[in-house]
Amino acid sequence: QVQLVESGGGLVQAGGSLRLSCAASGSIFSINAMGWYRQAPGKQRELVATITNGGSTNYADSVKGRFTISRDNAKNTMYLQMNSLKPEDTAVYYCNAPVKIPFGTFENYWGQGTQVTVSS
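In short, a report on the structure. These figures come from a predicted structure and were not determined experimentally. (Residues numbered from 1 in each chain as written. Predicted model: local features only at pLDDT ≥ 70, side-chain atom pairs only at ≥ 80, totals over all residues. Heavy atoms only, no water.)

1. A short note on the nonpolar core
Here comes step 1: Residues Trp36, Leu80, Met82 and Tyr93 are the most contacted members of the largest nonpolar core, which totals 31 residues.
Here comes step 2: Among the elements of the structure, strand E1 (2–7), strand E3 (18–26), strand E5 (34–39), strand E6 (46–51), strand E8 (67–72), strand E9 (77–82), strand E10 (91–100) and strand E12 (114–119) are those that each provide at least two residues to this core.
Here comes step 3: Among the elements that make up this core, the one with the highest residue count is E10 (five residues). (Core = buried A, V, L, I, M, F, W, Y, C linked by side-chain atoms within 4.5 Å. Buried < 20%, exposed > 50% of the residue type's maximum accessible area, 1.4 Å probe, protein only. Helix = DSSP H or I, 4+ residues; strand = E, 2+ residues; numbered from the N terminus.)

Here it is in structure tokens:
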């Protein structure tokens, strides 16, 4: 059984910062590229950023220069440092990871989501 658990969401004023964490636990053999997604009310879930297990990153244009994705492979944990937050960043943020269990194949997992609310 593999679980992804996000933490670090909350309410912040525009221009503020938050740091999200996503911890993977369970019987894990390896984790492929990990990613952060977000879904605002009435909108589709969208990609925010991804990071490979080698550390290569990719960002949505809307967050480039403001958000930084990172991971600690030894701790099976991924982070999202969000600076200069805007009201349009308000959404539920989800982490995603393809995880391989011992003697198994890669399966895609999602966290339960953490709410980020940015007030103007």
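2. Description of the pattern of salt bridges
Here comes step 1: In this structure the tally under the stated criterion is four salt bridges.
Here comes step 2: Salt-bridge contacts for Lys64 lead to Asp61; the nearest nitrogen and oxygen are separated by 3.1 Å.
Here comes step 3: Asp61 gets classed as exposed once you look at its relative accessible area, which sits at 64%.
Here comes step 4: A salt bridge links Arg66 to Asp89; the shortest N-O distance between them is 2.7 Å. Highlighted residues: Arg66 in the loop between strand E7 (57–59) and E8 and Asp89 in the loop between E9 and E10, separated in sequence by 23 residues.
Here comes step 5: The class of Asp89 is buried, set by a relative accessible area of 1%.
Here comes step 6: Taken together, the salt bridges that share partners define one network made up of Arg38, Glu46, Arg66 and Asp89. (Salt bridge = Lys/Arg side-chain N within 4 Å of Asp/Glu carboxyl O.)

3. Some points on the environment of Gly104
Here comes step 1: Position of Gly104 relative to the elements: it lies in the loop between E10 and strand E11 (106–110).
Here comes step 2: Relative accessible area serves as the criterion here: at 19%, Gly104 is assigned to the buried category.
Here comes step 3: Along the backbone, Gly104 and Leu80 are 24 residues apart, and their C-alpha atoms lie at a distance of 29 Å.

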